[in-house]
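Breakdown of the fold
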Amino acid sequence: NDGGTSYFHKSVGGYHAAKMSRYQELIENGLDGEISGFISTLQNSDGNMSVINEAMQGNSILNMLNTRYIIYNPSAPALPNPYANGNAWFVDNIEWVGSAREEMDKLLQTNTKETAVIHQTFKKQVTTNHLAVDSSRSVLLLSYAPNMLEYQYKSDKDAVLVFSEIYYNKGWKAYIDNKEVPYMRANYVLRALAVPAGDHSIRFAFEPETYYKGEKIALFGSITMVLLVLAALVAPLRKRL
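This report concerns the structure included in the present document. Note that the structure is predicted; figures quoted are calculated from it, not measured.

1. A closer look at the side chain of Arg137
For Arg137, the location among the structural elements is in the loop between β5 (115-119) and β6 (138-145). Among the polar contacts listed, one links the side chain of Arg137 to the side chain of Asp92, at a separation of 2.5 Å. Leave out the neighbours within four places in its chain, and Arg137 touches Phe90, Val91, Asp92, Ala132, Lys154 and Ser155.

The structure is reproduced here in structure tokens:
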């Protein structure tokens, strides 16, 4: 959680005045400990890559945040992490929890590549805890922008996808084949989506209602101002006539 975060690359740490409280809780209760444990393993590994790889594979939080490189020493090259979960991935199981504390505790014991930890408030979106495994399924991030992400996926069976993106339902909307659908919070801070079998497109778009309401109000105000100016210009001409 270094204050000197990267400028050109995504980072799991770094300071931001508007950092979400849930993400800060994840840092304090899980991520900091995972990073400290990994650095300790590095320092005691004597360069043994099998030990280092095993430690990286066990970093379930770093992996779900799609951490592809780990900088443990500013003077050393970044360490590639081949076990990052990716931009999005299918899970085989769901662990339902009833509270934020239980959600965090369960997350710290979970292999996030295989299992999603989801609060019970989202249970109506998924019909089973154990999802059918489809070895041919795939998901691909097609485009990325701060206010829109587009994916394409293929699965022979209904499934659940987890996205390495922060859950924020105050403006972010999900669409499957351009039809709006509900989505879930998974693993304390991420997004998850129950998806139907087949070959489909997914889009997450930031469309806050307050913004569009503000745009309409601003447009109405601008039109009103123009009409008032025109009226002020036309009034003297009418008097002359």
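2. Considering the nonpolar core
Grouped together as the largest cluster of nonpolar side chains are 52 residues, with contacts concentrated most on Leu26, Met64, Leu193, Val195, Ile202 and Phe204. For this core, the element with the most residues is helix α1 (residues 21-43), which contributes 6 residues. For this core, the two domains that each supply at least three residues are domain 1 (1-84) and domain 2 (87-207). Those residues in contact with Val195 that lie beyond four places of it in its chain are Phe90, Tyr153, Asp158, Ala159, Leu161, Ile176 and Ile202.

3. Brief notes about a nonpolar patch on the surface
The grouping of Ile223, Met225, Val226, Leu227, Val229, Leu230 and Leu233 at the surface amounts to a nonpolar patch, some 670 Å² of accessible area in total. Note that Leu233 resides in helix α5 (residues 209-240). With a relative accessible area of 55%, Leu233 lands in the exposed category.

4. A closer look at the sheet that holds β6
Sheet architecture is open: 5 strands sit in the order β6-β7-β13-β9-β10, paired in antiparallel fashion. A single partner strand is all that each edge strand has here, and the edge strands are β6 and β10 (179-181). Between one strand and the next, the sheet's axes are offset by a mean angle of 25 degrees, whatever the strand orientation. Bridge count for strand β9 (residues 172-176) against β10 is 3 bridges, and the pairing is antiparallel. Across the sheet, Ile176 pairs through a bridge with Lys179, a residue of β10.

5. A word on the environment of Leu65
Locating Leu65 in the fold gives a position in the loop between α3 (60-64) and β1 (69-70). Under the relative-accessibility criterion, Leu65 is labelled buried at 13%. Separated by 53 residues in the primary sequence, Leu65 and Val12 place their C-alpha atoms 7.1 Å from one another. Residues in contact with Leu65, not counting those within four places in the same chain, are Val12, Tyr23, Leu26, Leu31, Ser164 and Leu190.

6. Describing the packing of aromatic side chains
Summed over the entire model, instances satisfying the criterion amount to 8 aromatic pairs. For the ring pair Phe90 and Tyr153, a centre distance of 6.4 Å and an interplane angle of 70 degrees mean the geometry is edge-to-face. Residue Phe90 is found in strand β3 (residues 88-90), and its partner Tyr153 is found in strand β7 (residues 148-155); the two are separated by 63 residues along the sequence. Like Phe90, the residue Tyr153 is buried in the burial classification. Ring centres 6.4 Å apart and planes at 85 degrees place the aromatic pair Tyr151 and Phe204 in the edge-to-face group. With Tyr151 in strand β7 and Phe204 in strand β13 (residues 198-206), this pair connects stretches of sequence that are 53 residues apart. The structure contains a cluster of three or more aromatic residues connected by ring pairs, namely Phe122, Tyr151, Phe163, Tyr167, Tyr183 and Phe204. The cationic tip of Arg191 hangs over the ring face of Phe204; the distance from NZ or CZ to the ring centre is 5.0 Å. The ring of Tyr175 carries the charged tip of Arg203 above its face, separated from the ring centre by 4.3 Å.

7. Some remarks on helix α4 (residues 100-107)
The α-helix advances 3.6 residues per turn, and as a result positions three or four apart in sequence lie on the same side. Of the positions making up α4, those classed as buried are Glu103, Met104 and Leu107. Seen from one end, α4 has its buried residues packed into an arc of 95 degrees, which puts them on one side. Against the buried residues of α4 lie α1, α3, β4 (93-97), β5 and β11 (184-186).

8. Considering the pairing of β5
Buried residues dominate β5, accounting for 5 of its 5 residues. The alternating pattern of β5 places Thr115, Val117 and His119 and Ala116 and Ile118 on opposite faces, both of which are buried. Tracing the backbone out of β4, into α4 and back to the parallel element β5 gives a crossover that is right-handed.

The rules behind each value
Residues numbered from 1 in each chain as written. Predicted model: local features only at pLDDT ≥ 70, side-chain atom pairs only at ≥ 80, totals over all residues. Heavy atoms only, no water. Helix = DSSP H or I, 4+ residues; strand = E, 2+ residues; numbered from the N terminus. Polar contact = N/O pair within 3.5 Å; in protein donor to acceptor, adjacent residues only side chain to side chain. Contact = heavy atoms within 4.5 Å. Core = buried A, V, L, I, M, F, W, Y, C linked by side-chain atoms within 4.5 Å. Buried < 20%, exposed > 50% of the residue type's maximum accessible area, 1.4 Å probe, protein only. Domains from an automatic or database assignment. Patch = residues over 30% accessible without salt bridge, like charges linked within 9 Å, V, L, I, M, F, W, Y side chains within 5 Å. Areas by Shrake-Rupley, 256 points an atom, 1.4 Å probe, with all protein chains shown as cover. Salt bridge = Lys/Arg side-chain N within 4 Å of Asp/Glu carboxyl O. Pairing = 2+ DSSP bridges. Axes fitted to C-alpha atoms, helices over the stretch in contact; angles between N-to-C directions. Phe/Tyr/Trp six-rings, centres within 6.5 Å; stacked < 30°, edge-to-face > 60°. Lys NZ or Arg CZ within 6 Å of the ring centre and 35° of its normal. Arc of directions from axis to C-beta. Right-handed = clockwise from strand over helix to strand, strands pointing away.

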